[in-house]
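Residues per chain are reported as follows:
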Amino acid sequence: MKNLQLAGVARAMFASRRAWVFGAAMALAGVAHAAPVEIQVWHTLSDANKAEFEKLAKQYNKEQDQVSVKLRAFNSQAALEQEATTAVKAKNAPNLLQLTDNHSPEVVAQHKAILPLYQLLAKYPIKDLNWFVPATSSFTRDDKGRLLAFPWMAEVPVMFYNTAAYKKAGLDPNNPARTWSGLQAELLKLRDVADIDCPYASSDQVTVHLENLAPVNGQQFTSNNNGLDAVTKKSAAPAMQFDTLYMRHISLMVSWKRSLLFMAHSGDSTADKLFAKGECAVLTSNSGAFGTFLNTKSLSFGVAPLPYYDQATKTGGQPFVSGSALWALEGRPQAEEKATAQFLAWLSKPVVAAEWHQRTGFLPLTEAAFRASDVSFYKSIPGAQAVVASMSNRPVSNSRGFRMANYSRIEPVLNQQLNDAFEGKVPPVAALNNAASQARSIATQR
């Protein structure tokens, strides 16, 4: 009888233990198969760069099962911002938002819907992070040098040139002109020797022909130390400074138009398509156009810094770093904040950031990403490595960026005045005076 009782106890203990083990196993299985935290990233990338971003997001989702990144593309910045405003009000905002540089990042950061990146990274640090662009007043930092957004789409204006067209014109494809006068001589050969109908075109014309004309030629774009003093010292609003350099340059561009050298220009990326098709031999545009050209198999091209005027400076200066960035939004659950930081940390990995840089033309995110970039890649694109490497140098005061209130409303005015000048509707001096006057009025509006 005693043995029967012991056997019963043993069976009960075994059953209890089996139930505990089974339950624990099920609990562990539940943890292992917990649904990943989903984060939303909204952007306005062009087709080639959009495809690359989608590729990276897919890779990230495949490599781990804790976070699921969902991308949503918009055709324009205006459409994205309108949808984001609605989403914020409905408390259903995305986690990351691509915003174009408005030259007032401190104002953006003060919005109640924005979570400044330095605050997010204080909670969830990215280890061993050494940013590539060191400027403390660059377009994603405040006056204290704190990072406000993730500079994933940082870019600079550059000159692209068709190496096949250069060879046909008898020009050295590895040594393009560095000055505007030197470029004019090359454009004449491209027109007359190579029989190119469109020697020169320009996208992002405000960036190239107004904003960056100053730092590349050793001058300031606006008063008050490019507007930076207006931020740090609360001084008067900055004003445009369109002096003799600008009058000379815009007049030169008008003469090129009349001479059939300067055949296409736009305030957006429209002219990029003409260069990609091989219709235009030289293009000034932002470096983010690189991805489109790289994916055009019939196109062979090189990259050079923007030309400068040797009457103004002995060597060309650094242009402004601008572009767009990923801004984190406030009010999301803690799990999503952590997941957002994890995704940004993954994007910051040297191999990932290097691939993004090489496929898009955006500046390397970190110094490690620049070092991780394939040397053979740079060798295949004349001038690319030199242009990118130069941006790692600490900029002089003229190149640290500029600040101006209401610039999103000023830029269209500047663009229209350039159009009027280039098309011969308004004399260059009058166009520049109109631009400066209207910009001053808009900048001081509340």
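All of the points below concern the structure found in this document. As the structure is a prediction and not an experimental result, all values here were calculated from the model.

## Re unusual backbone geometry
Across the chain, the bulk of peptide bonds are trans and the bulk of non-glycine residues have phi less than zero.
So, point 1. Phi is positive for lysine 91, which is not a glycine, with a value near 55°.
So, point 2. Looking at where lysine 91 falls in the secondary structure, it is placed in the loop between helix H3 (77-89) and strand S3 (96-100).
So, point 3. Here lysine 91 falls in the exposed class, since its relative accessible area comes to 74%.
So, point 4. Here the phi dihedral of asparagine 406 falls at roughly 60°; this positive angle occurs in a residue that is not glycine.
So, point 5. Its place among the elements puts asparagine 406 in the loop between helix H19 (384-390) and helix H20 (407-422).

## Thoughts on H3
So, point 1. The first and last C-alpha atoms of H3 sit 18 Å apart over 13 residues, in line with the 18 Å expected at 1.5 Å per residue.
So, point 2. Listing the buried residues of H3 in full gives Gln77, Leu80, Ala84 and Ala87. When H3 is viewed along its axis, its buried side chains cluster within an angular range of 90° and face the same direction. More than 90 degrees from the buried face of H3, the exposed residues found are Ala78, Gln82 and Lys89.
So, point 3. Against strand S1 (37-43) and S3 lie the buried residues of H3.

## A closer look at the pattern of salt bridges
So, point 1. Considering all chains together, one arrives at nine salt bridges under this definition.
So, point 2. In this structure, glutamate 355 and lysine 55 form a salt bridge, with 2.9 Å as the shortest nitrogen-oxygen distance. Within this pair, whereas glutamate 355 is found in helix H16 (residues 350-360), its partner lysine 55 is found in helix H2 (residues 47-63), the two being separated by 300 residues in sequence.
So, point 3. You can call lysine 55 partly exposed: its relative accessible area is 44%.
So, point 4. A salt bridge links glutamate 336 to arginine 332, with the nearest nitrogen and oxygen atoms 3.0 Å apart.
So, point 5. Its relative accessible area of 14% is what places glutamate 336 among the buried residues.

About the criteria used
Residues numbered from 1 in each chain as written. Predicted model: local features only at pLDDT ≥ 70, side-chain atom pairs only at ≥ 80, totals over all residues. Heavy atoms only, no water. Helix = DSSP H or I, 4+ residues; strand = E, 2+ residues; numbered from the N terminus. Buried < 20%, exposed > 50% of the residue type's maximum accessible area, 1.4 Å probe, protein only. Expected span 1.5 Å × (residues − 1). Arc of directions from axis to C-beta. Contact = heavy atoms within 4.5 Å. Salt bridge = Lys/Arg side-chain N within 4 Å of Asp/Glu carboxyl O.

Remember, this is a structural readout, not a statement about activity or role.
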